[in-house]
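# Fold and geometry: a report
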Amino acid sequence: IGETTISNSLFATKILVNEAIPEVHEFKKSICNEADGDSQRLTHLSSQGSHSISNEFLTLSEKMQLDEICDTAKECFCATYSTIVGIDNNMWYYDSCKQCNKKVEYEGGGKYWCTKCDLHFKSAPKRYKLTVTVQDDSGNATFVMFDRETFQVLQISTMNLKDMWDKENKEDAYPEELNKLLDKKFLFRIHISKYNLEQNWNKYTVVRLTEDENIIKSFLEVDSLEEKDVEVESTKQKDSISVIADNEDSSICSITATKRSFKDSTNVGKVGETSPAQLSTSQKRAIIKIEKDSADEAKDY
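No experiment lies behind these values; they were computed from the predicted model shown.

### Notes on the sheet that holds strand β6 (residues 119–121)
Taken in spatial order, the three strands make up an open sheet running β4-β5-β6, and their pairing is antiparallel. Of all strands in the sheet, those with a lone pairing partner are β4 (105–108) and β6, marking the two edges. Sheet twist, expressed as the mean angle between neighbouring strand axes with direction ignored, is 35°.

Written out as structure tokens, the structure is:
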């Protein structure tokens, strides 16, 4: 205190937030005006969040089968393991906005207009939008895969594939390279959106997919509780069973099924029904018939 000192700001750091700096503005503008091929590559960079990919599937998503996804009445993210069995032969790509990636309208004369950003562009990068049919033991569903997830599997950009397809001049509904997706199993992370629920829209957006064996193995691990076998109580044996009889004289008894693993849940249903996949996996009952011999005809269970 009281001493005179001399200092300078040679090593000081100044941070500007959202400042109107001409150099920064020009840099942003140059990115948006890059060639289509360069802009296309930008979409393939995966964003790194505060959590790992494993957590996205195993912790931050609800574990479901396809029939449960279709029956869900709340907005959420869910994870499901299924196989791609079909590809919609309608348009497999779209012209996108360079800023928001949404679909743009072609105005003619080589110009495009984005209704969301209210901006006009001289070019619009092509991006994937595939509608695929997926299937598991419980049934099937319709998923929509966009640019990042499709490129992750095919390893070819939408623009390059479109150019190849145009040069080959084939009459196929879509490039045969897309068939590489068929019969492939993935662990999907799906968004059941507010739009899905309010509009009864049964096409669900894929926000992430993986073929990582460790993640899939962890996802498919069975419950710690093993399924218990059903044993019938007999007058000659000491085995026991919890049986709920419909009435005292009936030989048809109803037994509540034990908790099953994710893998086996679709194999339980009502005996005699042709489509057990449509049943809820949370409440299933099996009907068994207990044959009585003549000696025990008058005995109750």
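### Focus on the confidence of the model for the protein
Low pLDDT means the predicted coordinates in that region are not meant to be read closely. Scored by pLDDT, the protein comes out at a mean of 74, with 62% of its residues at no less than 70. When the criterion is pLDDT under 50, residues 34–50 qualifies, and its contacts beyond four places in sequence or with other chains add up to 28 contacts. Under a pLDDT of 50 for its full length, residues 222–301 has, in the predicted model, 92 contacts with residues more than four places off or in other chains.

### Brief notes about the packing of aromatic side chains
Centre-to-centre distance and the angle between the planes together describe a pair of aromatic rings. Applying the stated criterion across every chain yields a total of seven aromatic pairs. Both rings, one in F143 and one in F188, keep their centres 5.3 Å apart while their planes meet at 70°; by these two values the pair is edge-to-face. Taken together, the residues span a long stretch of sequence, with F143 in strand β8 (residues 139–146) and F188 in strand β9 (residues 185–192) at a distance of 45 residues. Look at F143 and you get buried, because its relative accessible area is 0%. With relative accessibility at 0%, the residue F188 sits in the buried group. When the ring of F186 is compared with that of F188, the centres are 5.7 Å apart and the planes differ by 65°; the resulting orientation is edge-to-face. Just as F186 is buried, F188 falls in that class too. By the ring-pair criterion, three or more aromatic residues cluster together here, those being W92, Y93, Y128 and W165. Between the NZ or CZ atom of K63 and the centre of the ring of F219, over which it lies, the distance is 5.2 Å.

### Here we look at the pairing of strand β5 (residues 111–114)
Side chains Y112 and C114 of β5 all project onto a buried face; the interleaved residues K111 and W113 project onto a face where none is buried. Pairing geometry for β4 and β5, over three bridges, is antiparallel. Along β5, the bridge assignment pairs G108 with K111. Joining the antiparallel neighbours β4 and β5 is a turn of two residues, in which G109 adopts a positive phi near 65°. In sequence, β5 turns back onto β6 through a hairpin of four residues, with D118 there showing a positive phi of about 55°.

### A word on the nonpolar core
Among the nonpolar cores identified, the biggest contains 31 residues, and W92, F143, L178 and F188 are the most heavily contacted of them. Excluding residues within four positions of it along the chain, W92 makes contact with R127, Y128, K129, L130, T158, L161, K162, W165, A173, Y174, P175 and L178. If you look at the next biggest cluster of nonpolar residues, it comprises seven residues, including C97, C114, F121 and A124.

The rules behind the values
- Residues numbered from 1 in each chain as written.
- Predicted model: local features only at pLDDT ≥ 70, side-chain atom pairs only at ≥ 80, totals over all residues.
- Heavy atoms only, no water.
- Pairing = 2+ DSSP bridges.
- Helix = DSSP H or I, 4+ residues; strand = E, 2+ residues; numbered from the N terminus.
- Axes fitted to C-alpha atoms, helices over the stretch in contact; angles between N-to-C directions.
- pLDDT = per-residue confidence, 0-100.
- Contact = heavy atoms within 4.5 Å.
- Phe/Tyr/Trp six-rings, centres within 6.5 Å; stacked < 30°, edge-to-face > 60°.
- Buried < 20%, exposed > 50% of the residue type's maximum accessible area, 1.4 Å probe, protein only.
- Lys NZ or Arg CZ within 6 Å of the ring centre and 35° of its normal.
- Core = buried A, V, L, I, M, F, W, Y, C linked by side-chain atoms within 4.5 Å.

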